[in-house]
Amino acid sequence: MDRLTNTIRPYAWGSPTAIPGLLGVEPTGEPQAELWMGAHPGAPSRLDRGSGETTLADVIAADPERELGAAAVARFGPRLPFLFKILAAGAPLSLQVHPDLEQARAGYAEEERRGIPADAPHRNYKDPNHKPEMVCAITAFEGLCGFRPPREAAALLDGLKVDSLTPYVDLLGAHPEEAALREMLTAVLTADRAEMARTVAEAAAAAERLGGPYTPYATLAHHFPGDPGVIAAMLLNHVRLQPGEAMFLGAGVPHAYLDGLGVELLANSDNVLRAGLTPKHVDVPELLRIVRFDPGDPALLRPEDGDEEVYDTPIDEFRLSRLALAPGAAPHRLPAGAPQILLCTAGRPTAGELALAPGESVFVPAGESVELSGPGTVFRATVVL
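From a predicted model like this one, the values you see are computed outputs, not experimental measurements.

Asks: Would you take a moment to explain the overall build of the chain for this structure?
Replies: Assigned secondary structure in the chain consists of 12 helices and 23 strands. Computed over the C-alpha atoms, the radius of gyration of the chain is 22 Å, within 12% of the 21 Å expected from 2.2 N^0.38 for a compact globule of 385 residues. In terms of overall dimensions, the chain has C-alpha extents of about 65 × 50 × 40 Å along its principal axes. In the chain, which comprises 385 residues, the share counted as buried stands at 55%. Put simply, of all contacts in the chain between residues at least 6 apart along the chain, 75% involve residues at least 24 apart. A gap of 2 Å separates the mean positions of the 32 positive and 51 negative side-chain charges of the chain.

Printed below as a string of structure tokens:
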């Protein structure tokens, strides 16, 4: 078992205080958006087994079966198939979707064939993998997830009393519902940018005046003035997670994180199709091909009861659970057989002989079992075999 040293990513939307508050350190004054745990090449965790610091990626590459287990290597290949994060949103993230595995493989192959550089700003597919993900709230957490029923979106837009939104409200009355949502999103993202900027400004002023359910959209417009994504966001379910509640985001589901501190667990991919709330490239035709226009309630998760509370998802590349370890309780043994990363978010629990403080994590190779004891809260990331 290895104590991990992890990288904090300073994206502009990050909170300057949430991650330092969890870690118990002084803020730097700069945004601190994500703390990465895993073997992603962008910022692999580091460890030291007695011969100097190296990366978890290099350790796994040197002996995949020892670190990951033969079953995981056979199922997912010689790499850790998930990325574990602490995510601290101090401002809204982009409105986005992720492709499924077949779409990712085809899109990556096509962009490789066309010779689009991997770091090109207009490249959509950085790798041939899908990117399902979930976020579990540490503090109250706010986001957008999946489409509202069109009639609800129409009522929300109509309530702003902005004349230039009337054609969009009318589009949402079409049938079937999937077609209405597709037509509406297409119209918003392909509208004349100057006209849309005026519509967004009027909608933002009305949202600011009305408050209540409109407050999130006034905030979005403050961060992204004139952005079509402000109107597109009103098509989505607004979600508020309480600590311990989670949200799963499958392929094609539009979403955005707005505010709060949480743990995020996702498949090891960088494939993102953006719909707005960003200065980055928006490929409207490809986005519309990937989005699933299925209205309904967001996929909110509450853990299954037990000593180890599991957040059940349909994904094999990752499995998230939470252990609330009471003072003086018997140790909880985690079985061997799969790679796992353990993250402390509260208290001072121990993993084997290693004491953990909030924000600290360890990597447990597949061949090792480990005992956890409290007091404290530990999130466990592993795979499904």
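Asks: When you look at the side chain of Asn 124 in this model, what are you seeing that I'm missing?
Replies: By secondary structure assignment, the location of Asn 124 is in the loop between helix H5 (101-113) and strand S8 (133-137). Using a relative accessible area of 7% as the deciding quantity, one classes Asn 124 as buried. Within the structure, Asn 124 has its side chain in polar contact with the side chain of Asp 283 (distance 2.9 Å). Sequence-distant contacts of Asn 124, that is, excluding residues within four places in its chain, are made with Glu 111, Asn 271, Val 272, Leu 273, His 281, Asp 283 and Glu 286.

Asks: Mind showing me how you'd approach the packing of aromatic side chains here?
Replies: Taken as a whole, this structure holds three aromatic pairs when the rule is applied. For the pair Tyr 11 and Trp 13, a centre-to-centre distance of 5.8 Å together with 35° between the ring planes defines the contact as tilted. A centroid spacing of 5.5 Å and a plane angle of 75° characterise the contact between Phe 141 and Tyr 257, whose relative ring orientation is edge-to-face. One end of the pair, Phe 141, is in strand S9 (residues 141-147); the other, Tyr 257, is in strand S12 (residues 255-267), with 116 residues separating them in the sequence. Considered together, Phe 141 and Tyr 257 belong to a single accessibility category, that of buried residues. Taking the ring centre of Trp 36 as reference, the NZ or CZ of Arg 9 above it sits at 4.5 Å.

Asks: Looking at this structure, how should I read the pattern of salt bridges?
Replies: Side chains that carry opposite charge are capable of pairing whenever their charged atoms lie near each other. Going through the model one piece at a time under the given rule, you end up with 19 salt bridges. The closest approach of N and O atoms between Glu 34 and Lys 85, which form a salt bridge, is 3.1 Å. One end of the pair, Glu 34, is in strand S3 (residues 34-37); the other, Lys 85, is in strand S6 (residues 82-89), and 51 residues separate them in sequence. The same class applies to Glu 34 and to Lys 85, which are both buried.

Asks: It is not clear to me how the sheet that holds strand S17 (residues 332-334) should be interpreted in this structure. Could you clarify?
Replies: Strand-to-strand pairing in sheets goes through backbone hydrogen bonds, with the strands running parallel or antiparallel. Spatial strand order, S17-S22-S19-S20: four strands in an open sheet with antiparallel pairing. At either end of the open sheet lies a strand with only one pairing partner, and these are S17 and strand S20 (354-355). Where S17 lies against strand S22 (residues 370-373), three bridges are found, and the strand directions are antiparallel. Residue pairing in the sheet places His 332 in a bridge with Leu 372 of S22.

Definitions and limits used
- Residues numbered from 1 in each chain as written.
- Predicted model: local features only at pLDDT ≥ 70, side-chain atom pairs only at ≥ 80, totals over all residues.
- Heavy atoms only, no water.
- Helix = DSSP H or I, 4+ residues; strand = E, 2+ residues; numbered from the N terminus.
- Rg over C-alpha atoms; globule rule 2.2 N^0.38 Å.
- Buried < 20%, exposed > 50% of the residue type's maximum accessible area, 1.4 Å probe, protein only.
- Contact = heavy atoms within 4.5 Å.
- Lys, Arg positive; Asp, Glu negative; His and termini not counted.
- Charge placed at Lys NZ, Arg CZ, Asp CG, Glu CD.
- Polar contact = N/O pair within 3.5 Å; in protein donor to acceptor, adjacent residues only side chain to side chain.
- Phe/Tyr/Trp six-rings, centres within 6.5 Å; stacked < 30°, edge-to-face > 60°.
- Lys NZ or Arg CZ within 6 Å of the ring centre and 35° of its normal.
- Salt bridge = Lys/Arg side-chain N within 4 Å of Asp/Glu carboxyl O.
- Pairing = 2+ DSSP bridges.

From the geometry alone we can't say anything about function, so treat these as descriptive.
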